[in-house]
Amino acid sequence: MARDAVSQEFPLRLREGYRSFLSDRFPSERSRYETLARRGQSPEVLIISCCDSRVSPEVIFDANPGELFVVRNVANLVPPYETGGDYHGTSAALEFAVQALKVKHIVVLGHQMCGGIKAFANEAEPLSPGDFIGKWMSQIRPAAEALGPEARKAPDYVSRLELAAIELSLQNLMTFPCVRILAERGQIALHGAYFGVADGVLRVRDPETGAFVPAVDGLDVPARLSPRCD
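This report concerns the structure included in the present document. Computed from a prediction, not measured in an experiment: that's the story for all the values here.

Turning our attention to the sheet that holds strand β2 (residues 68–73). A sheet is described by the order of its strands in space; here six strands give the open sequence β2-β1-β3-β4-β5-β6, paired in mixed fashion. The open sheet has two edge strands, β2 and β6 (212–214), and neither has a second partner. Ignoring which end each strand starts from, the neighbouring axes of this sheet average 30° apart. Examined bridge by bridge, strand β4 (residues 189–195) and strand β5 (residues 202–205) share three bridges and lie antiparallel to one another. Note that in β5 the partner of Y194 across the bridge is R203. Strand contacts of helix α4 (residues 89–100): β1 (45–50), β2 and β3 (105–111), with the helix running at about 170° to β2, the strand carrying the most contacts.

This is how it looks when you write it as structure tokens:
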């Protein structure tokens, strides 16, 4: 079915949002922007997040301009270190954040109901007819293999795979020499996190157990989630 013609004008929603920014947020943070322009950015946290429009790190963490260095891609994946091929957007951003900005924390932020991981888990048709998504998502195959074939029968398999993909990205981060050296020296910390789109609950990965537990106390939710069978 042919798509309707799209206006070539800059989107009205963005114009209106920018007007709101100019009249509300920018005046209250003008000095911060001026300082950032003069001194440059110096965020302490790199967040590798999914490009899903429902998962905005700046919104989830109520961040001010200049606080977070955010890299977004399909399914918040970190590829293993390699220098072949031609273009490495996520790897380049990671290198810049670690070596130039000297961030102290790297957070891999996964989320509930990830379309890319669901398509991989269900062995569905590619999300688009292009050449890139299928190859990109094939990177999570080691995570699926680590869960084992029996895990596919579980009703929460997709959720487990979402968590396992976060673990895989954390492992892949350690294949980057600049990350591994700093992590081994205790000069950088790696974290996994998982955001519930439906309930707004953020869970963080316990490095000792691998379980994901609520980031704040007092929430009426299960105490832990794990990619493994309990």
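Having seen it, we continue.
This brings us to the packing of aromatic side chains. What the rule picks out here adds up to six aromatic pairs. Pairing F21 with Y33 gives two aromatic rings, centres 6.0 Å apart and planes at 90°, and the pair type is edge-to-face. Here Y33 lies in helix α2 (residues 30–39) and F21 lies in helix α1 (residues 12–28), a separation of twelve residues in the sequence. Its relative accessible area of 28% is what places Y33 among the partly exposed residues. Summarising the aromatic geometry, the rings of F69 and F96 are spaced 5.8 Å apart at their centres and angled 45° between planes, so their arrangement reads as tilted. Of this pair, F69 sits in strand β2 while F96 sits in helix α4, and the two are 27 residues apart along the sequence. Counting every residue linked through ring pairs, the aromatic cluster contains Y18, F21, F26 and Y33.

It is worth spelling out the side chain of T90 at this point. Relative to the helices and strands, T90 is located in helix α4. Looking at T90, the relative accessible area reads 11%, which means it is buried. A distance of 3.0 Å separates a polar atom in the side chain of T90 from a polar atom in the side chain of N73. Each residue touching T90, except ones within four places of it in the same chain, is listed here: V71, N73, L77, P79 and W136.

What follows covers the pairing of β2. A regular strand places its side chains so that they alternate between the two faces of the sheet. Side chains of β2 alternate between two faces, with F69, V71 and N73 buried and L68, V70 and R72 left unburied. As judged from the six bridges shared by β1 and β2, these two strands associate in the parallel manner. Each residue of the ladder has a partner; that of S49, found in β2, is R72.

Conventions adopted
Residues numbered from 1 in each chain as written. Predicted model: local features only at pLDDT ≥ 70, side-chain atom pairs only at ≥ 80, totals over all residues. Heavy atoms only, no water. Pairing = 2+ DSSP bridges. Helix = DSSP H or I, 4+ residues; strand = E, 2+ residues; numbered from the N terminus. Axes fitted to C-alpha atoms, helices over the stretch in contact; angles between N-to-C directions. Contact = heavy atoms within 4.5 Å. Phe/Tyr/Trp six-rings, centres within 6.5 Å; stacked < 30°, edge-to-face > 60°. Buried < 20%, exposed > 50% of the residue type's maximum accessible area, 1.4 Å probe, protein only. Polar contact = N/O pair within 3.5 Å; in protein donor to acceptor, adjacent residues only side chain to side chain.

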